[in-house]
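Report on the structure
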Amino acid sequence: MIKVAAPEMACRVIDWAIQMHGGGGVSDDFPLAAAYASARTLRLADGPDEVHRQQIGKLELARQRAREAHDEPRADDEPRAHPEPTRTP
């Protein structure tokens, strides 16, 4: 998941910085254009984000199927504290 989230967030933050600097954000006065190019390269270097997202989805589905096959209790299936008994007069 980090292979998708970190480069995507870096591009988003650098893009915001470029917009805040206006035309200067893409000039040689600030290193933002080079930083954006580097961050964008990270998104392409290890394969497209869609491939990573698809792999994450497959892993999560397999994990869920294994959990259901073994009937492992999920967090929302765990027993809750017993309610206090009601008193009858």
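The paragraphs below set out a description of the structure included in this document.

Definitions and limits used
- Residues numbered from 1 in each chain as written.
- Predicted model: local features only at pLDDT ≥ 70, side-chain atom pairs only at ≥ 80, totals over all residues.
- Heavy atoms only, no water.
- Helix = DSSP H or I, 4+ residues; strand = E, 2+ residues; numbered from the N terminus.
- Contact = heavy atoms within 4.5 Å.
- Areas by Shrake-Rupley, 256 points an atom, 1.4 Å probe, with all protein chains shown as cover.
- Axes fitted to C-alpha atoms, helices over the stretch in contact; angles between N-to-C directions.
- Parallel < 35°, antiparallel > 145°, perpendicular 65-115°, else oblique.
- Left-handed = near helix turned anticlockwise from the far one by under 90°.
- Nonpolar A, V, L, I, M, F, W, Y, C, P; charged D, E, K, R; others polar.
- Patch = residues over 30% accessible without salt bridge, like charges linked within 9 Å, V, L, I, M, F, W, Y side chains within 5 Å.
- Salt bridge = Lys/Arg side-chain N within 4 Å of Asp/Glu carboxyl O.

Brief notes about the overall build of the protein
- What the protein contains, in helices and strands, is three helices and zero strands.
- Partitioning the intrachain contacts of the protein with sequence separation of at least 6 by distance along the chain shows that 50% fall at a separation of at least 24.
- Put simply, the protein shows about 7,600 Å² of open surface, and 58% of that area lies on carbon and sulfur atoms.

Quick look at the packing of helix H1 (residues 2-21) against helix H2 (residues 32-45)
- Put simply, H1 and H2 touch, their axes get as near as 9 Å, and they point 160° apart. Considering their axes alone, H1 and H2 lie roughly antiparallel with respect to each other. By crossing handedness, the relation of H1 to H2 is classed as left-handed. Residues Pro7, Glu8, Ala10, Cys11, Ile14, Asp15, Ala17, Ile18 and His21 of H1 lie in contact with H2, whose contacting residues are Leu32, Ala35, Tyr36, Ala39, Arg40, Leu42 and Arg43.
- When the residues that make up the contact of H1 with H2 are grouped by side-chain class, the tally is eleven nonpolar, one polar and four charged.

Observations regarding a nonpolar patch on the surface
- The grouping of Met9, Val13 and Trp16 at the surface amounts to a nonpolar patch, some 300 Å² of accessible area in total.
- Relative to the helices and strands, methionine 9 resides in helix H1.

Side note on the packing of H1 against helix H3 (residues 49-69)
- Relative orientation of the contacting elements H1 and H3 amounts to 140°, with a least axis distance of 9 Å. Where H1 approaches H3, its residues Lys3, Val4 and Glu8 are matched on the opposing element by Asp49, His52 and Arg53.
- Grouping the constituent residues of the contact of H1 with H3 by class yields one nonpolar, one polar and four charged.

Note that every value here comes from positions in space, so none of it alone points to a role or purpose.
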